[in-house]
Amino acid sequence: MEHINLEGLQSLVSAKARVAILDDDGQDKAPFVTKTIDKVEICPDMTHLRIYFDQLNFFAVPLTCNMARNKNEWSAFDVNTGLQYVIRRESDQND
């Protein structure tokens, strides 16, 4: 695991993905929903990564989270809150 970096998420921009926030037991706090990632950027106070789904709606992931990534999934775990942020890229027929 590594700390969050913006470059690790750029490949998800414009991709349709399923997103969710899970608790430390792996249980959904909210169900996975399908969204298109519009953009990713660091928030103005430099503490969180904002993952936008349109011009207004985003979720913010603390930059101190540990990040894991493979071909179709990005996740970040916040040890302070016990929350895991998950983005699963919807695979296309070429994957």
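Above: the structure in question.
Report on the accompanying structure. In this text, all values refer to a predicted model and were calculated from it rather than measured experimentally. (Residues numbered from 1 in each chain as written. Predicted model: local features only at pLDDT ≥ 70, side-chain atom pairs only at ≥ 80, totals over all residues. Heavy atoms only, no water.)

1. What to know about the pattern of salt bridges
Here's step 1: Going through the model one piece at a time under the given rule, you end up with 2 salt bridges.
Here's step 2: Across the pair lysine 39 and glutamate 41 runs a salt bridge, and its minimum N-O distance is 3.9 Å.
Here's step 3: Relative accessible area serves as the criterion here: at 28%, lysine 39 is assigned to the partly exposed category.
Here's step 4: Here glutamate 73 ties to arginine 88 by a salt bridge, and the two come within 2.6 Å at their closest N and O atoms. Taken as a pair, glutamate 73 in strand β8 (residues 73-78) and arginine 88 in strand β9 (residues 83-89) lie far apart in primary sequence, 15 residues in all.
Here's step 5: Given a relative accessible area of 25%, glutamate 73 falls into the partly exposed group. (Salt bridge = Lys/Arg side-chain N within 4 Å of Asp/Glu carboxyl O. Buried < 20%, exposed > 50% of the residue type's maximum accessible area, 1.4 Å probe, protein only. Helix = DSSP H or I, 4+ residues; strand = E, 2+ residues; numbered from the N terminus.)

2. Quick look at the side chain of aspartate 78
Here's step 1: Inspection of the secondary structure assignment puts aspartate 78 in strand β8.
Here's step 2: Only 3.0 Å separates the side chain of aspartate 78 from the backbone nitrogen of asparagine 80, close enough to count as a polar contact.
Here's step 3: A distance of 3.2 Å separates a polar atom in the side chain of aspartate 78 from a polar atom in the side chain of threonine 81.
Here's step 4: When near neighbours in sequence (up to four residues on either side) are disregarded, aspartate 78 contacts Pro62, Cys65, Leu83 and Tyr85. (Polar contact = N/O pair within 3.5 Å; in protein donor to acceptor, adjacent residues only side chain to side chain. Contact = heavy atoms within 4.5 Å.)

Limitation: the analysis is restricted to geometry and does not speak to function.
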